[in-house]
Structure formats: structure tokens, C-alpha cells
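# Remarks on the overall topology
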Amino acid sequence: MNVGSYLGAIEMSIKADLAYKADYLLNLFFKFLQVLLLIFIWTAIYLGTKVSSIRGFTLPDIYLYFLVVYALRSLMNMNLPYEMEDLVLDGNIAVNYTRPVNFPLQLFFMGFGEDLLSILLTGIPILIFALAISHAMLSAFSIAAFVIEVLLAYAIISVIGFLIGTMSLKFVYISSLINITWLIVLLLGGGVMPLNFFPATIQHMLLMLPFAIVLYVPAATFLGTISNSTILFSIGISTVWLVVLLGIATVAWNRARKLIASARG
Amino acid sequence: MGIADSIRFYLASQYLAWKTAISYRFSFVLWLIYSTFSEIYAVIAITVIYTVSSGIAGWSYYQMLLLSAAATMVLGAIYYHIESRMVVNKMRNGGYDGLFSKPYGLVTIMLSTSGGTTEISGFVSGLLVFAYSAIKLRLPLESVLVYLAVFGIGTFALLLFVLMLTALTYLLFKSSSFMNNFLGFLSTAASYPINIYGPVFSLLFTVVVPIGIATYYPAGMIFGKISPGAIAIVIVLSVLVGAISYKLFYAIMKHYSSGGG
């Protein structure tokens, strides 16, 4: 395994991101504004309902929830399929594919380079801030579960992104598909509201899907509003999903890469 | 060139845009689906909110649905005419160089040739939810017509504002990312009553970033939350926003030089 080339891919992505500093900072700013809007909206809902708690979430819990979701969103990006679409559009996918490195892994590390910057500049500082203002005393189990959940979520998002990215080899333009997928992940993963706000049956179904682990489960683990058994169940089911998705991605890639070969003639 | 010629140019440009969009069928269908998604998204979010709580004080479930549908319609109409990402890229690549030499006004050229065709489905899905909510609320036809008139004026003013801001963004950043994020932010903000964002943001969404003039105020009017006098002010404000944006757009475009040289 050529580790140097993968590190190079990370470095290249970070440099590319930093080359457009204004863009990068504006993106972060607007992500923050989106969270601020959600906080305003939920404040109005709590004040309108005149209750101190909705489905176990008090208003301060909701503020913290969206803060943690904001931190998590900074690392759950959909960079990988965009990278693949760009490579297909400018024809560089054939050049990259012929290099003596594992192409899917190289792509993963390119995406990781971009995410690493977000994790360091946004994700970790916000999590520390959330921890400080919540006065939460996280148990060793919660910390371990949170880390495992975030790693699983990152792997699942990357594999889903890769799967969608492979479709660019057949359909070329896949931005719409990437956007649809991201909206689904946000809605079904707890980016709009905690999943326990959904009716019980739907909530149970959502916990069976691979999206719950992306935002809701880690955020709820952080806040302590989810039971240990649900945490363990989510980790288990997400691991199964990861294996299944990896299998599908391998099959999809083996089929899709033949299209690169035919494009090269 | 008169108005009739401008309309002919607009229609011919739309025909060309549709032909181009349909040539990538898979992508076209997916974009159509994606555009309807924001409305589906809003309906689910509002339904869940009103299931677990009483929602936003003073706004019933169907009133909120109508407001969010209006926001989807506004954004759909804007994206249909000005897809900011495409505009900035086109300016950067010199894509307008040939078009700007045509004998039409710059605004006509931009609004005719810069839109996202598939955004029509966003507008239509918003319209369907709007009609459904209006029926459920038993709104009299004349109220709906008055609403649509105020909404139309507000939307056109906002369209000119977005056009002006897109040109300014190109001048300042040469990047489309700001407008993408900005419109996404606007879409969320407009789906809820702007008074919930506090006095500062309410003022911001009325005067500085006038999304309220196309969504919140017309809705407030038909639900009796805003007096007819206030609506008259909103109409005047819409005309002012439109006129100022129009003038500013031309002032900004004097400094325009395409990436094509």
C-alpha cells in the first residue's frame, strides 16, 4: 500500500480548500446561520406550545442538539461523489485510474483531506463548546459510544458517497442525485429534528436505517437522551449496514470501472 | 427593441433551455425530483412539528403549510430565472459575451438565459400544496387572488434583488458559493413567519434581504395578521426594492468584465 500517495491526496485537498479561504469561511458561516434559524424556529415552537419538554427534549436540550448536529455536519460532507463527478467531467478519471494506487482509497483520502479541515476548525471546537455549556458529565461508555458512532457514520457516508459517485461513470451529471441523497440523510438522520419527534412506528423504522447513526444517535448520545440499549442496537445495525453497503459498493465499482476502460478505448 | 421583442426572446430562450435540459434525460428527471424535494421536506417537517407540539403561536397547521408552500414557489420562480451558480460560472467563462451583444436589455438577457429549467417542478409542487392548504382553510377566491397579486409583485422584486446580488457576488468573489448558501438560507428562513426571528432579523428579512415581502406579509394579510395599510406599505416597499435592485444591477454591470476577457 502506497501510504505516501494517500497522504499526498489529503495534503492536496487541504491546500485546495485553503486556496479559496473566503469561500470556505462563507460556507462555514452559512452552515452556522442555518443552525441559528433552526434554534429560532424551535424556540418559537416551544414558546407556542408552552411546555418545558417535548418528547424528553427541553428547549436548552434542543439548542445543544442542533449545536452538536452542526459540529457533526462539519464532518459528514458529501465531497467524494462531487470529486468523482468532476473527474468524470474533465476526463481525468482515466488518468487517475491508471496510477499505481487504489483509486477508491485515493478518492476517500481526497475527501478526508477536506473533511479534516472542517473537523479541526469547526467540529472539535464546537463539540468542546457544547460540552462546556451543557455541563454534561459524559461517562466512559458515552464517550466510547460517541467516538464509535462518529467513525461508523463517517464510513457509512463515505461509502454511500462512493456508491453515488460511481453512477457518474454511467450518467455523468449526478449533482442532483448527490443533493437528493444529502436531503434524505438530513431528514432521516435527525438533521431537521430529533428522530424521537417522529411517531413511534416511524421512529423505530428510522433507527433501522443507516442514516440515524449519522446525526441523531451521536447527538443524542452526547446529550444523554438515548438509552444504552438503543445506542448498542444502533451501533450493531449500523455495522451491518456498513458491511452491506461496502459489498454493494465493491460490486458497483467492479462494474463501473469497466466503463472507464471502455472510455480509454 | 420593444416589449414584444423581449418576450419573443424570452420564450425562444426558454424553448432552447428546455431542449438542452431534456437532452440529459436521467439528470433532467433527477433534478425535477430534487426540486420537488424541498416542498416534501417542508411538509414532513411541519407535519411532525404540529404532531408533537402546538406549533408556532398564532399559526395553524394549514396556515404554516401555505406559508412554506409560498416560500417554495418564490424560490422556484427565482431559481427558474436565475440559477446563481450557473450565472457566476457563465460570467467567469465568458458565457455571456455573445449574449450581451444582442439588442436587448441586460435584465431581459439575464432573466431569459440564466435559469434552471427543472426548478419548475419546485414551483409546481409549491403551488399544489398552496392550493391544497387554501382549500383546507376555505379561503375565498378573491383573497387568494389578492394574495397572488401581492405575492407576484414581491417575487418579481426579490428576483431583481437576487439578480443584482448575483452580479455583485461575481464582482466581489468570482465565486458561486456565496449565492448558493445564501439562497439555501433564505429558503429555510422564508418557510416560517419572519417575526419568530426577533426584531433585528425581521427587519433584515423585510428591508435588507426582502424575502418577507413575497411570503410572510402576503400570508399575514389573508390570515388577518397584518392590516391592509401595512400591506400597502409592503407593496410600495416591493416596488422600491425592485427599482433600486434594477438600478444597482446596471451600476454593477458597468464594472463587469467577463472571465473570457
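Just so you know, these numbers come straight off a predicted model, no measurement behind them. (Residues numbered from 1 in each chain as written. Chains lettered and ligands numbered in written order. Predicted model: local features only at pLDDT ≥ 70, side-chain atom pairs only at ≥ 80, totals over all residues. Heavy atoms only, no water.)

### Let's talk about the overall build of chain B
Inclusion rule: By definition, any uninterrupted DSSP run of H or I lasting at least four residues is a helix, any uninterrupted run of E lasting at least two residues is a strand, and each is numbered from the N terminus. Relative accessibility under 20% of the residue-type maximum defines a buried residue, over 50% an exposed one, and the middle range a partly exposed one, all with a 1.4 Å probe and only protein chains included. We call two residues in contact when some of their heavy atoms are within 4.5 Å. Per-residue and other accessible areas were derived by the Shrake-Rupley procedure at a 1.4 Å probe size, with only the shown protein chains allowed to occlude residues. Under the counting rule used here, the positive set is Lys and Arg, the negative set is Asp and Glu, and His together with the chain ends is not counted. Charged side chains are reduced to one point each, which is NZ for Lys, CZ for Arg, CG for Asp and CD for Glu.
Along its length, chain B carries 11 helices and zero strands. Ordering the α and β elements of chain B from the N terminus gives α-α-α-α-α-α-α-α-α-α-α. Residues counted as buried form 55% of the 261 residues belonging to chain B. The contacts of chain B with a sequence gap of at least 6 include a subset with a gap of at least 24, amounting to 78%. Taken as a whole, chain B presents about 11200 Å² of accessible surface, with 70% of it coming from carbon and sulfur. Charge-centre separation for chain B: the mean point of 13 positive side chains lies 3 Å from the mean point of 6 negative side chains.

### Considering the side chain of Ser-202 of chain B
Relative to the elements of secondary structure, Ser-202 of chain B occurs in helix α9 (residues 198–208). Those residues in contact with Ser-202 of chain B that lie beyond four places of it in its chain are Ile-194 and Asn-195 of chain B.

### Side note on the nonpolar core
Quick note on the threshold: Put simply, a nonpolar core is a bunch of buried Ala, Val, Leu, Ile, Met, Phe, Trp, Tyr and Cys residues held in one set by side-chain atoms that sit within 4.5 Å of each other.
Grouped together as the largest cluster of nonpolar side chains are 175 residues, with contacts concentrated most on Phe-197 of chain A together with Phe-182 and Tyr-197 of chain B. Considering every element that reaches this core, the biggest residue donor is helix α7 (residues 141–173) of chain B, with 15 residues. Beyond its immediate sequence surroundings of up to four residues, Phe-197 of chain A is in contact with Trp-42, Tyr-46, Ile-54, Arg-55, Phe-57 and Ile-62 of chain A together with Val-48 and Val-52 of chain B.

### Brief notes about the packing of aromatic side chains
Aromatic rings in a pair are described by how distant their centres are and how their planes are angled relative to each other. Keep this limit in mind: Side-chain rings of Phe, Tyr and Trp, where Trp is taken by its six-membered ring, are said to pair if the distance between their centres is within 6.5 Å; with planes under 30 degrees apart they count as stacked, over 60 as edge-to-face, and otherwise as tilted.
This model, assessed by the stated rule, comprises 37 aromatic pairs over all chains. Residues Phe-112 of chain A and Tyr-154 of chain A carry aromatic rings whose centres are separated by 6.1 Å and whose planes lie at 75 degrees to one another, so their mutual orientation is edge-to-face. Of the two residues, Phe-112 of chain A is situated in helix α6 (residues 103–134) and Tyr-154 of chain A in helix α7 (residues 140–166); the sequence distance between them amounts to 42 residues. Residue classification places Tyr-154 of chain A among the buried positions, given a relative accessible area of 12%. When the centroid spacing of 5.9 Å and the interplanar angle of 45 degrees are considered together, the rings of Phe-185 of chain B and Phe-205 of chain B count as tilted. Taken together, the residues span a long stretch of sequence, with Phe-185 of chain B in helix α8 (residues 177–190) and Phe-205 of chain B in helix α9 at a distance of 20 residues.

### Here's the deal with helix α9 (residues 175–188) of chain A
Residues and elements named next belong to chain A. To keep things clear, this is the line we draw: One fewer than the residue count of a helix, multiplied by 1.5 Å, yields its expected span.
Counted at 1.5 Å a residue, the expected span for α9 with its 14 residues is 20 Å, and the 20 Å between its end C-alpha atoms agrees. With 12 of its 14 residues buried, α9 lies for the most part within the structure. Buried within α9 we find Ser-175, Ser-176, Leu-177, Ile-178, Asn-179, Ile-180, Thr-181, Trp-182, Leu-183, Val-185, Leu-186 and Leu-187. Of the residues flanking the end of α9, it is Gly-190, one or two places downstream, whose phi is positive at about 95 degrees.

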